[in-house]
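Structural features, examined
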Amino acid sequence: MLSWLESTSLALWLRESPSIWALPTVLTLHTAGMAVLVGTSWMLDLRLLGVGRHVPLSAYRWVFPTLAVGLFVNLVTGVLLFIKNPTTWGTAMPFLVKMLLVVASVATLVPVRSLVLRSDEGPDVSRNVRLLAIASILAWTGAVTAGRLLAYLVP
Amino acid sequence: MNLAHLHLVMNHVPTVGSVVALGLLLLAFARRNEHLKHVGLEVVFLIAVLTLPVYVSGVAAHREIRDRPEVSEDVIKVHQDAALVAFTVMEFAGFVAWVALWQWRRRGRAARGLVSGATVLLVVALVTMGRAATLGGEIRHPEIRAAGAALALSAVEGAPAGDPERFMTSAIGQVAVYSYWAWPAAEAVHFLGLALSFGVLLAVNLRILGVMKQVPFADVHRLLPWGMLGFGANLITGMFFFVGQPGQYTASTPFYLKVAFLVIAGANFLYLTVFGKAWAREGNHGDGRFDASLADKAMAILSIALWLAVLYAGRMLPFLGRSF
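Residues numbered from 1 in each chain as written. Chains lettered and ligands numbered in written order. Predicted model: local features only at pLDDT ≥ 70, side-chain atom pairs only at ≥ 80, totals over all residues.

**Considering the interface of chain B and chain A**
Frequently, the measure chosen for interface size is the accessible area removed from exposure when the parts meet. Spelled out, the test is: Contact between two residues is assigned whenever their backbone-derived C-beta positions fall within 7 Å. Put simply, DSSP H or I for four residues or longer makes a helix, DSSP E for two residues or longer makes a strand, and each gets a number counted from the N terminus. Each residue receives one of three labels: charged for Asp, Glu, Lys and Arg, nonpolar for Ala, Val, Leu, Ile, Met, Phe, Trp, Tyr, Cys and Pro, and polar for the others, Gly being one of them.
Contact with chain B, which involves 27 residues of that partner, is made by 25 residues of chain A. Among the elements that make up the side of chain B that touches chain A, the one with the highest residue count is helix H8 (residues 182–208) of chain B (14 residues). A per-class count over the side of chain B that touches chain A returns 21 nonpolar, 2 polar and 4 charged.

**Focus: the nonpolar core**
Residues and elements named next belong to chain B. Here is the rule: Each nonpolar core reported here comprises buried Ala, Val, Leu, Ile, Met, Phe, Trp, Tyr and Cys residues connected via C-beta atoms within 7 Å. Any residue surrounded by 20 or more other C-beta atoms within 10 Å of its C-beta is treated as buried, while 12 or fewer makes it exposed and the intermediate range makes it partly exposed; C-beta atoms here are placed from the backbone. An automatic or database domain assignment is the source of the domain bounds shown.
By size, the foremost hydrophobic cluster in this structure holds 117 residues, and its most contacted members are Val44, Ala93, Ala97, Ala100, Ala118 and Ala195. Sorting elements by how many residues they give to this core places helix H4 (residues 73–107) first, with 18 residues. The residue makeup of this core includes at least three contributed by each of domain 1 (1–158) and domain 2 (170–324). Dropping the residues within four chain positions of it, valine 44 is found in contact with Ala21, Ala93, Gly94, Ala97, Ala118 and Leu122.

**A look at the domain arrangement of chain B**
All names here are of chain B. As far as domains go, chain B holds domain 1 (1–158) and domain 2 (170–324). Across the contact, 20 residues belong to domain 1 and 22 residues belong to domain 2. Looking at the side of domain 1 that touches domain 2, the elements that each hand over two or more residues are helix H3 (34–65) and H4. The biggest single contributor to the side of domain 1 that touches domain 2 is H3, with 11 residues. For the side of domain 1 that touches domain 2, a count of residues per class yields 14 nonpolar, 1 polar and 5 charged.

Put into structure tokens, the structure is as follows:
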């Protein structure tokens, strides 16, 4: 299955096209999507940890559509980057760790989202939510680091 | 005009600029004029921003003249080390000046220690910058060589001639090339810093554009130091890349585009920190009545566009140029 994916013309195009619109643009969009996704997620985490704690949580509703945009861009570009070398990446430990961390980070957003949309929280959130915020910060840090190191660890 | 020429034109900005900024600050202290202090700090910040292209163009100038027989490589390297020290002090001065300006906007006044701290750092920057400038002048003007410069060179000449680590910039290059972890680790930090500073800029600029209107401007303004933290991490790691492997950047067009975008984005960041009615403290009723002006909204859009351009030029370095 992975080797079939690697032989598709899309994979070939991503690997070998000299065009600036092939791999370079996909990579750059993946980086911009990362900035939006991780950066926005961290802004919400900072608020949950008490930075600007008198700002009502409901004011942070904007982060969810923004996160959705970042997540969508990076899912599409991420799948494309994976298709480029599926046989090596599909079995590479740093890649699998990265995927696990991304899923974990996005998973922390689900309970946080319902909390923000409910918007009946006072300035301080519960201890569990603060732990979620810390988990989110650490998981994104790990995911970004693993993603960047992929370039060095996986040929 | 080539890059060596550009360096000759721009290298006066940090030296002369520091004198002007120091004059403004000292005058402000003498007259107890708070407004003048504010102006002085803004000038310090802008000079710190403009020092980046001065350093970068200097390294490019090195590439253009090093093969000439009348130019001594050691004299250039001594100048380069002095310039790196001066650049670092100048960036610290700019950073402290920025924190003072940020506090000013937030609380109506800056902590007194910060303004004095920025002034002291500026004096150190001026001294180190003056030394770098003198050593730089001696590259093509041996007739001005002074006793101090001879000392700087002799300290270096004490080391064996072939020792690649006798110059600070070369030692950093050794780490960049031979350390297994340094470069990848710096790349990872560079991406984390990118995400942090972009998140802050997005929150601040979206607020100016009218998202989360019920939140007072001051509450997003207080996020700015987090953005500065991310930017600081990226300035340090970015300079590590540039000092460590200058050759691959000095020959790269997207790299110069990135530096140019950074300079404009730096000026824009100063605007976000200090200017605009949008940030007026008396306007913070938190009831959404206080909308940003059209000019502020244009600056917010420009800010996002500029930082995306910095990101684009940086990520495209291996593809539009040949660096990595």
